[in-house]
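Single-letter residue listing:
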Amino acid sequence: MAVPKIINKSHISVQSQIINSLSDASLDFLLQPNKKKQIHRSKLRAFLRSSRFFISLAFLLGFLWMLKILSNFDPSAPFSQLPCSVSQETEAVIENGGADSDLDFAAKIGEKGEESEFWKQPDGMGYWPCLDFSGGYRRESGEIVKDRANYLMVVVAGGMNQQRNQIIDAVVIARILGAALVVPILQKNVIWADESEFSDIFDLDHFKSVLANDVRIVSSLPSTHVMTRPVEEKRTPLHASPQWIRSHYHKKLRREGVLLLRGLDSRLSKDLPSDLQKLRCKVTFDALRFVPRIIELGTKLTERMRSKGPYLALHLRMEKDVWVRTGCLPGLTRDYDEMINNERKARPELLTSRSNMTYHDRKLAGLCPLNALEVARLLKALGAPTSTRIYWAGGVPLGGKEALLPLTSEFPHFFNKEDLALPGELEPIANKPSLLAAVDDIVSENSDVFMPSHGGNMGHAIQGHRAYAGHKKTIIPNKRQMIPHFLNSSIPESEFNRLILELQQDSMGQPVLRTSKAGRDVTKYPIPECMCNGTTAHSAV
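Residues numbered from 1 in each chain as written. Predicted model: local features only at pLDDT ≥ 70, side-chain atom pairs only at ≥ 80, totals over all residues. Heavy atoms only, no water.

Asker: How should I be thinking about the environment of Pro 369 in this particular structure?
Answerer: Relative to the helices and strands, Pro 369 resides in the loop between helix 17 (359-364) and helix 18 (372-381). For the pair Pro 369 and Val 322, spaced 47 residues apart in sequence, the C-alpha separation works out to 8.3 Å. Sequence-distant contacts of Pro 369, that is, excluding residues within four places in its chain, are made with Arg 317, Val 322, Trp 323, Thr 326, Cys 328, Lys 363, Glu 374, Ser 453, His 454 and Lys 479. (Helix = DSSP H or I, 4+ residues; strand = E, 2+ residues; numbered from the N terminus. Contact = heavy atoms within 4.5 Å.)

Asker: What's the story with the sheet that holds strand 8 (residues 311-315) in this structure? I'm lost.
Answerer: Strands sit in the order 10-9-8-11 across an open sheet of four strands; the sheet is parallel. The open sheet is flanked by strand 10 (414-415) and strand 11 (449-452), the only strands paired with a single partner. Here strand 9 (residues 389-393) runs beside strand 10; their pairing, made up of two bridges, is parallel. Opposite Ile 390, over in strand 10, you have Phe 414 as the bridge partner. In the packing of helix 14 (residues 292-305) onto the sheet, contacts are made with strand 8, strand 9 and strand 10, and the angle to strand 9 comes to roughly 150°. (Pairing = 2+ DSSP bridges. Axes fitted to C-alpha atoms, helices over the stretch in contact; angles between N-to-C directions.)

Asker: Help me out: how do you make sense of the layout of surface pockets in this one?
Answerer: A probe matching the size of a water molecule, rolled over the atoms, marks out where space remains unfilled. Taken as a whole, the second largest pocket holds about 290 Å³ of empty space. Along the wall of the second largest pocket there are 14 residues; nearest its centre are Arg 289, Phe 290, Ile 442, Glu 445 and His 465. Breaking the lining of the second largest pocket down by element, the ones donating at least two residues are helix 13 (274-287), helix 14, helix 21 (433-445) and helix 22 (457-468). In terms of residues, the lining of the second largest pocket owes the most to one element, helix 13, which gives three residues. Considered class by class, the residues forming the lining of the second largest pocket number six nonpolar, four polar and four charged. (1 Å grid on protein atoms, 1.4 Å probe; cavity = no way out; pocket = protein on both sides within 12 Å on 5 of 7 lines; lining within 4 Å. Points joined across faces, edges and corners; volume = space filled by probe spheres on them. Nonpolar A, V, L, I, M, F, W, Y, C, P; charged D, E, K, R; others polar.)

Asker: Is there a simple way to explain the packing of aromatic side chains in this structure?
Answerer: The geometry of an aromatic ring pair comes down to the distance between the two centres and the angle between the two planes. Under the counting rule described, the total for this entry stands at nine aromatic pairs. On the numbers, 5.3 Å between centres and 45° between planes, the contact of Phe 198 with Phe 202 is tilted. In this structure, Phe 198 and Phe 202 share a single accessibility class: buried. Ring geometry for Trp 244 against Tyr 249: centres 5.5 Å apart, planes inclined by 90°, an arrangement best described as edge-to-face. Members of the aromatic cluster, joined through ring pairs, are Phe 198, Phe 202, Phe 207 and Phe 290. The ring of Phe 496 has Arg 377 lying over it, and the distance from NZ or CZ to the ring centre is 3.9 Å. Between the NZ or CZ atom of Arg 520 and the centre of the ring of Tyr 525, over which it lies, the distance is 4.5 Å. (Phe/Tyr/Trp six-rings, centres within 6.5 Å; stacked < 30°, edge-to-face > 60°. Buried < 20%, exposed > 50% of the residue type's maximum accessible area, 1.4 Å probe, protein only. Lys NZ or Arg CZ within 6 Å of the ring centre and 35° of its normal.)

In structure tokens:
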């Protein structure tokens, strides 16, 4: 007997109300196999086997990695509340080798700042230092360094860089007169209140050694001349020529044996014979070297600034005495402007600018220092990234940290030597403005880009050293031409940036011939006398 085939059937129990509420299409979807799902599965399998899947996966992993990096980003600014105080964050930078510090800022945001055109160096056109003295100069040197009868003494005044300029001229004047030079005496200045001597700032043994074949340097007068009363001269005219020096001082020196000169600032002509120009370069760039402890300290601060990439050194001239001497106004508040005007009226002898010019005229003539806002606008126009690490060289500005806010708000990674130094590291030179200035010089000379907000002895010295070192980028603000654009508030920012970049393109530290303009200082423009590039002729021998 045949056994009937049992067919198992599945049934779905659904309330009639629900059945009635479904459309035919919906009911068909519930009761029939899901064909769409099968289609989707086949498409998914095809996608997983395709190259697009692996590209998308790589993109997703890269995106998640970027999120992880950004989660550690700390945009806090390292500029301390007091301009000369050491922040806790900066101490951590020094003690921990830069880990988890504000100096890591540029590294954490990527290489955007490193790749910026702002850090691009000018074309040095192949120039290198060359001090080839003529045969006549070398023959005369033998007689000059043997002389034991004539001695030049000099007293130099002012700040460290001003004193350095006078020392350079003193060496050249000693050479012109054929005299030995007694180590220059540094006069204590009322403003600087620094009692440092030559050997406290400069390496004396090195100074003597480098100049041994040019001028004999002695530490003091010999016993044969100790009792000699020197002939003292205080009225050397501005820009005196070698002929004037010989005609006025040679006979007196030969008669008395000792000549004492004071007030040498800008007294020697800048237009000298080629050999004397080379001697000025030799003194400036080779002989006058800071003492080892200052070089060591300046090098440490340089390394801390450069620990995460390039940096800009700014020489800001915003101190109270600068505003008084230049006849300019800081533009902070009416109270500060009134303070400067009153100080200038009380001490008119401090004004070094033209007294018959108004402040506005001085401003338009480019005779005033750039303030913090103008420096910030200039740097932005030149393409400086906001991540730029800035080393600030200079004294405390009038108005304190508030005066710097327009600059530090745009460029928050702002340091000075007090910020970078370890606790107690600056203590041995804390009351020595000349040595503190020397530290600023070293960090500024070593920077990737240097810019002064105003002219002056330090700015000129750094400009010359950077040129002699291969024409490292040095921005010299073309203030006379750019100030009208600063004062014109109707110019759109993009147009302002274009105009400023155009004005500055030839003032970025490119080689400049000193001889292209009379009166230029060879220690600021060392070409052609002190640098060669294969096309410039050497002195005849």
